[in-house]
Amino acid sequence: MSRDIQLKERWEQLVNILSDQFSQGEDLDLDAIIYLIGVQELGKFSQIYKKDEKLNLMHIAICRLLEPYGYYEFEFFDGDGWPHYRVKEELPPLKAGEQSVLMKDAIVNYFLEKKLIE
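Chemist: I keep staring at the pattern of salt bridges and nothing clicks. Help me out?
Modeler: Two side chains of opposite charge can pair, provided their charged atoms sit close to one another. Taken as a whole and assessed by the stated rule, the structure comprises five salt bridges. Measuring nitrogen to oxygen at the nearest pair gives 2.8 Å for the salt bridge that ties arginine 86 to glutamate 73. Highlighted residues: arginine 86 in strand 2 (residues 83–87) and glutamate 73 in strand 1 (residues 72–77), separated in sequence by 13 residues. Residue glutamate 73 is classed as partly exposed on the basis of its relative accessible area of 30%.

This is the structure in structure tokens:
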């Protein structure tokens with residue numbers, strides 16, 4: 001099976017699982033899944049987040065997702081428990097479609113690691 005087909009199948013499986021658990025019948029989009037990963041990484045599930053905190057959660061998720069690719073490195077948790085990352089290597093210029101594929105691949109790998117999908 002080609003890598004593209006496998007990624008597409010795993011992505012669809014993941015969207016179905018997460019949408020069933022966190023949405024009311026509508027498929028979650030890429031941004032919503034990134035947000036959920038940020039909440040997972042922060043570990044504060046019952047908190048209500050302000051708009052700027054939601055953006056920070058998405059940033060945490062992106063750093064965590066791209067860490068295995070060598071773009072970010074975890075540094076420390078601050079006094080409030082928020083993880084901080086440093087840039088190891090700048091992301092290359094990517095077209096929108098390439099960004100989407102990179103993030104979907106990183107998200108699929110994240111949930112493979114968490115054993116939510118196979």
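The structure having been displayed, the exposition proceeds.
Chemist: When you look at the nonpolar core in this model, what are you seeing that I'm missing?
Modeler: Generally speaking, soluble globular proteins have nonpolar side chains that are buried together. In terms of nonpolar packing, the biggest core is built from 24 residues, with Ile33, Ile37, Leu65, Ile107 and Phe111 touching the most fellow members. The contact partners of isoleucine 33, leaving out residues within four places of it in the chain, are Trp11, Val15, Leu18, Leu28, Ile107 and Phe111.

Chemist: Whenever I open this one, the environment of phenylalanine 74 confuses me. Can you help?
Modeler: You can see phenylalanine 74 is positioned in strand 1. Among the residues examined, phenylalanine 74 registers a relative accessible area of 31% and is labelled partly exposed. For the pair phenylalanine 74 and leucine 91, spaced 17 residues apart in the sequence, the C-alpha separation amounts to 16 Å. Discounting chain neighbours no more than four positions away, the residues touching phenylalanine 74 are Glu67, Pro83, His84 and Tyr85.

Rules behind the numbers
Residues numbered from 1 in each chain as written. Predicted model: local features only at pLDDT ≥ 70, side-chain atom pairs only at ≥ 80, totals over all residues. Heavy atoms only, no water. Salt bridge = Lys/Arg side-chain N within 4 Å of Asp/Glu carboxyl O. Helix = DSSP H or I, 4+ residues; strand = E, 2+ residues; numbered from the N terminus. Buried < 20%, exposed > 50% of the residue type's maximum accessible area, 1.4 Å probe, protein only. Core = buried A, V, L, I, M, F, W, Y, C linked by side-chain atoms within 4.5 Å. Contact = heavy atoms within 4.5 Å.

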